[in-house]
Amino acid sequence: MEEQNTGARLETEAGERNFELGRRGRPRTILVLGGGGMRGMAHVGVLRALRELGIEYDAIVATSIGSLVGGLAASGADDNEIEEIVTDVQKGDYFKLNFLKFLLKGTRAPSMYSGGTFRENLTNIMPEGSTEPGSVGRTKVPFYCNSVCLETGGSVFWGTRGTEDVPLVDAVYASCALPGIFEPFERNDKHYMDGGIVDSLPLRFAKTLNPDLIIAVDLTVKATFKEPNYKNRATSTMLRAFEIAEEVVVEQMLHMHADYRTALIQPKVGHLQRFDFDDVKAVIKLGEDETRRVLTSHAATRHLVTTEVVEGLTCPVQERDYVSIRIDADSCIGCGLCEMVCETDAFWAEGEKATVRKRSNYECTRDHACARNCPTDAIHLGNL
């Protein structure tokens, strides 16, 4: 079940599922929806902005919460329907403690919360027929979501050949099942959990579908935004450690797989807790606003924006193909970490203070690694 070299095979599969990329004379486009807990409600805003801008996509590749929103969209639900569904979601609907299991098994219990409760609610949320075997491969728009196999450590993308018999609900559950929070999804004596453990922004899989354009939504926490509200508790510590590892993995994925054909959308949701249910509508708006900003100004997408006048939209005022970089010399201590972590050689740390080599960095992948690792917050990134 491990991830394989899938280029030609997936292209054939895609054709079998009417994956006719570019048949309307537009770029072959893949939409990648990353993981991030309830921050994933920003994906609904992304879908709304895409519709209003007139930008279509030909397949969805998703992780974790992205698989929930993506599965609904791929099944034919529009952004308004999805907003209505997710707005009604309450924390208690998903997180029912396994009191009996903890009482009987203690630390031997498979999870903190009841996966059965989560799956039952997914069944109520997902469209009719989503519990039927093979429904993951019968969505209106081709859909793929990932999990990691606990026995092998390998990745699986539900919806590819060999997983056609899986119900859509099970695929989404397997992609959302955070370790220790929900029980793993079991299939053929193997156990599968949240794909964000190894790949929270599956760009490399999206590239195997041979697209002309990738629109990727990254929800990982960014140090250049407001810090998350960390609480010194066991669950909070575990989830925060997971998020930090997730950031580093995404950082590497962006450096390896994001290029000029990738329009990267990063809604400003880093300050939110992973399971913050307080204001879903505000999170959706953050995703919508950021998507409009990026796609109306990015070189790979601005020519695709509809020419129709849409109420509430304005002309882009600034191209966003580069990141501006500045170092506060008074704060810099010359530690050299910026040069170490930046894969695009934007910094020099040869002297007493670090200096910027690329004040307008067109190669920057917007992973925020330099700012996140700077111990004195001397690095300031702009045009984000």
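Residues numbered from 1 in each chain as written. Predicted model: local features only at pLDDT ≥ 70, side-chain atom pairs only at ≥ 80, totals over all residues. Heavy atoms only, no water.

Re the overall build of the protein chain
Piece 1. Looking only at helices and strands, the protein chain has 13 helices and 13 strands in total.
Piece 2. When each of the 384 residues of the protein chain is scored for burial, the buried share is 53%.
Piece 3. Partitioning the intrachain contacts of the protein chain with sequence separation of at least 6 by distance along the chain shows that 75% fall at a separation of at least 24.
Piece 4. With an accessible surface of roughly 17,300 Å², the protein chain has 50% of that area assigned to carbon and sulfur atoms. (Helix = DSSP H or I, 4+ residues; strand = E, 2+ residues; numbered from the N terminus. Buried < 20%, exposed > 50% of the residue type's maximum accessible area, 1.4 Å probe, protein only. Contact = heavy atoms within 4.5 Å. Areas by Shrake-Rupley, 256 points an atom, 1.4 Å probe, with all protein chains shown as cover.)

Here we look at the pattern of salt bridges
Piece 1. All told, the structure shown has 18 salt bridges when counted by the stated rule.
Piece 2. Its salt-bridge partner being D289, residue K285 comes within 2.9 Å of it at the nearest N-O pair. You can see K285 and its partner D289 sitting in helix α11 (residues 280–295), 4 residues apart, about one turn around the helix.
Piece 3. When its relative accessible area of 42% is taken as the criterion, K285 is described as partly exposed.
Piece 4. Among the ionic pairs, K358 bridges to E363, the shortest N-O distance being 3.2 Å.
Piece 5. Counted as one network, the salt bridges with shared partners bring together R48, R51, D79, E83 and K281. (Salt bridge = Lys/Arg side-chain N within 4 Å of Asp/Glu carboxyl O.)

Here we look at helix α2 (residues 42–53)
Piece 1. The first and last C-alpha atoms of α2 sit 17 Å apart over 12 residues, in line with the 16 Å expected at 1.5 Å per residue.
Piece 2. By the criterion of burial, α2 is predominantly enclosed, with 11 of the 12 residues buried.
Piece 3. Looking at α2, one finds that the buried residues are A42, H43, V44, G45, V46, L47, R48, A49, L50, E52 and L53.
Piece 4. Where α2 is buried, its residues contact β1 (29–33), α3 (65–74), α4 (79–87), β7 (213–217), β8 (262–265) and α11. (Expected span 1.5 Å × (residues − 1).)

Side note on the sheet that holds strand β12 (residues 360–361)
Piece 1. An order of β12-β9-β13 is seen for the 3 strands of this open sheet, with the pairing classed as antiparallel. Among the strands making up the open sheet, the edge pair consists of β12 and β13 (379–382).
Piece 2. Inspection of the sheet shows strand β9 (residues 323–327) paired to β12 by 2 bridges, in the antiparallel sense. Directly across from S324, in β12, lies its bridge partner S360. (Pairing = 2+ DSSP bridges.)

Some thoughts on the packing of α3 against helix α8 (residues 168–176)
Piece 1. Two elements in contact, α3 and α8, have axes separated by 7 Å at closest approach and are oriented at 155°. Put simply, α3 runs roughly antiparallel to α8. On the side of α3, the interface is formed by I65, S67, L68 and G71, while α8 contributes L168, V172, S175 and C176.
Piece 2. Within the contact of α3 with α8, the residues separate by chemical class into 5 nonpolar, 3 polar and no charged. (Axes fitted to C-alpha atoms, helices over the stretch in contact; angles between N-to-C directions. Parallel < 35°, antiparallel > 145°, perpendicular 65-115°, else oblique. Nonpolar A, V, L, I, M, F, W, Y, C, P; charged D, E, K, R; others polar.)

Thoughts on the nonpolar core
Piece 1. Within the largest apolar cluster, 61 residues are counted, with the highest numbers of intra-cluster contacts made by M41, I60, W158, I215 and L295.
Piece 2. Once you skip the residues sitting within four places of it in the chain, M41 turns out to touch I65, V69, V86, V280, V283 and I284.
Piece 3. I325, F347, C370 and L381 belong to the second-largest nonpolar core, a separate cluster that totals 19 residues. (Core = buried A, V, L, I, M, F, W, Y, C linked by side-chain atoms within 4.5 Å.)

Things to note about the pairing of β9
Piece 1. Because side chains alternate across β9, one face comprises the buried residues V323, I325 and I327, and the other comprises S324 and R326, none of which is buried.
Piece 2. Bridge analysis of β9 against β13 gives 4 bridges, and the strand direction is antiparallel. Bridge assignment links I325 to a residue of β13, and that residue is L381.

Focus on the packing of aromatic side chains
Piece 1. The full count for this structure, using the stated rule, is 5 aromatic pairs.
Piece 2. Judged by centre distance (3.9 Å) and plane angle (5°), the rings of F157 and F205 are stacked. Linking F157 in strand β4 (residues 155–158) with F205 in helix α9 (residues 203–208), this pair joins segments that are 48 residues apart in sequence.
Piece 3. Judged by its relative accessible area of 5%, F157 is buried.
Piece 4. A relative accessible area of 2% means that F205 is categorised as buried. (Phe/Tyr/Trp six-rings, centres within 6.5 Å; stacked < 30°, edge-to-face > 60°.)

A word on the state of the cysteines
Piece 1. Taken as a whole and judged by the stated rule, the model has 0 disulfides.
Piece 2. The structure places no disulfide on C145, whose sulfur is separated from the nearest cysteine sulfur, that of C176, by 7.8 Å.
Piece 3. As a non-bridged cysteine, C335 has C374 as the owner of its nearest cysteine sulfur, 6.1 Å distant. (Disulfide = S-S within 2.5 Å.)

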